[in-house]
Amino acid sequence: DAGVIQSPRHEVTEMGQEVTLRCKPISGHNSLFWYRQTMMRGLELLIYFNNNVPIDDSGMPEDRFSAKMPNASFSTLKIQPSEPRDSAVYFCASSLVQGGGQPQHFGDGTRLSIL
Amino acid sequence: AQSVTQLGSHVSVSEGALVLLRCNYSSSVPPYLFWYVQYPNQGLQLLLKYTSAATLVKGINGFEAEFKKSETSFHLTKPSAHMSDAAEYFCAVSDAAGTASKLTFGTGTRLQVTL
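Everything in this summary refers to the structure shown in the same document.

Cut-offs applied
Residues numbered from 1 in each chain as written. Chains lettered and ligands numbered in written order. Predicted model: local features only at pLDDT ≥ 70, side-chain atom pairs only at ≥ 80, totals over all residues. Heavy atoms only, no water. Helix = DSSP H or I, 4+ residues; strand = E, 2+ residues; numbered from the N terminus. Rg over C-alpha atoms; globule rule 2.2 N^0.38 Å. Pairing = 2+ DSSP bridges. Axes fitted to C-alpha atoms, helices over the stretch in contact; angles between N-to-C directions. Buried < 20%, exposed > 50% of the residue type's maximum accessible area, 1.4 Å probe, protein only. Contact = heavy atoms within 4.5 Å. Phe/Tyr/Trp six-rings, centres within 6.5 Å; stacked < 30°, edge-to-face > 60°. Polar contact = N/O pair within 3.5 Å; in protein donor to acceptor, adjacent residues only side chain to side chain. Buried area = accessible area lost by both parts, 1.4 Å probe. Salt bridge = Lys/Arg side-chain N within 4 Å of Asp/Glu carboxyl O.

A short note on the overall build of chain B
Broken down by element type, chain B carries zero helices and 11 strands. Listed by position from the N terminus, the elements making up chain B come as β-β-β-β-β-β-β-β-β-β-β. Radius of gyration (C-alpha) of chain B: 14 Å, near the 13 Å computed for a compact globule of 115 residues. Principal-axis analysis of the C-alpha atoms gives chain B an extent of 45 × 30 × 20 Å.

Here is the structure:
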């Protein structure tokens, strides 16, 4: 079974550039999460969607960050303009909305470096 | 609000020794609890989950965890450590009555296994 697929795996770009991270959740899952992981701050939840609708974006650090989920099989996280402090590993995870107790399944992440 | 506390950001054990990683939770409703493992340059992988069935939960790679309501704990154990167990381990909680599938993660414990 295909897991959560993220692209690209690595991204290096200069500050000020637009960055778009992509995620394909597990087929049939209807919750999708975006996380950021750094040494300093650990694992942070940025935003999550249920049935393609954003439920909680309180973790999005600034207006430079935006996320969309146009359909059940695709989501993007966009940073515009990017800054060096955005350098981190960004993870996408998916799950089922079915009461509690549903585990999240993680992709392998996108390692983002902003120069 | 629910939370988890992982005691010890780094744990070192000898190969063949007992592994004990500690997790205490706080939740106003019956919780669902999870342990995840993260190997270098990978996403988080589910080890095991507690969903109010048996209090002793067995997971992959020989790990198990015991839910103790009186102690609000969900410690992860493995009788005999292997070099391949070296990784970072995260405890997470989801409440049974709240927003479905959202998890609150601990800060992680890095396990080192020495010869």
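Quick notes on the sheet that holds strand 3 (residues 19-24) of chain A
Residue and element names in this part refer to chain A. With antiparallel pairing, the four strands of this open sheet are ordered in space as 1-3-8-7. Each having just a single partner strand, strand 1 (5-7) and strand 7 (65-71) make up the two edges of the open sheet. Direction aside, the axes of adjacent strands within the sheet are offset by 15° on average. In the sheet, strand 3 pairs with strand 8 (residues 74-79) via five bridges, with the strands oriented antiparallel. Following the sheet pairing, L21 is matched in strand 8 by L77.

Re the environment of L7(B)
All names here are of chain B. Within the element layout of this structure, L7 appears in strand 1 (residues 3-7). You can call L7 partly exposed: its relative accessible area is 46%. For the pair L7 and G108, spaced 101 residues apart in sequence, the C-alpha separation works out to 8.9 Å. In contact with L7, other than residues within four places in its own chain, are R22, N24 and T109.

Focus on the packing of aromatic side chains
Residues and elements named next belong to chain B. Scanning the model with the defined rule gives 13 aromatic pairs over all chains in all. An angle of 45° between the planes, with centres 5.5 Å apart, marks the rings of F63 and Y89 as tilted. Here F63, found in the loop between strand 6 (56-58) and strand 7 (64-68), pairs with Y89, found in strand 9 (residues 87-95); they are 26 residues apart in sequence, far enough to count as distant. Residue F63 shares its accessibility class with Y89, and that shared class is buried.

Considerations on the side chain of Q37(A)
Mapped onto the elements, Q37(A) comes out in strand 4 (residues 31-38). Reaching out from Q37(A), the side chain makes a polar contact with the side chain of Q38(B) at a distance of 3.0 Å.

Quick look at the environment of L21(A)
Residues and elements named next belong to chain A. Within the secondary structure layout, L21 lies in strand 3. L21 sits in the buried class, given a relative accessible area of 0%. In this view, L21 contacts S7, P8, W34, S75, T76, L77, Y90 and T110; residues no more than four positions away in its chain are not counted.

Regarding the interface of chain B and chain A
Counting residues at the interface gives 21 residues for chain B, matched by 25 residues for chain A. Both faces combined, the contact of chain B with chain A buries some 1700 Å², and carbon together with sulfur accounts for 55% of it. Our count for the contact surface shared by chain B and chain A stands at one salt bridge. In this structure, the salt-bridge partner of K102(B) is D56(A), at a minimum N-O distance of 3.4 Å. Scanning the region where chain B abuts chain A turns up five residue pairs in polar contact (both at pLDDT 80 or more). Of all elements in the fold, only strand 4 (31-38), strand 5 (44-50) and strand 9 of chain B reach the threshold of two or more residues within the side of chain B that touches chain A.

Interpretation note: all reported values are geometric properties and have no functional meaning in isolation.
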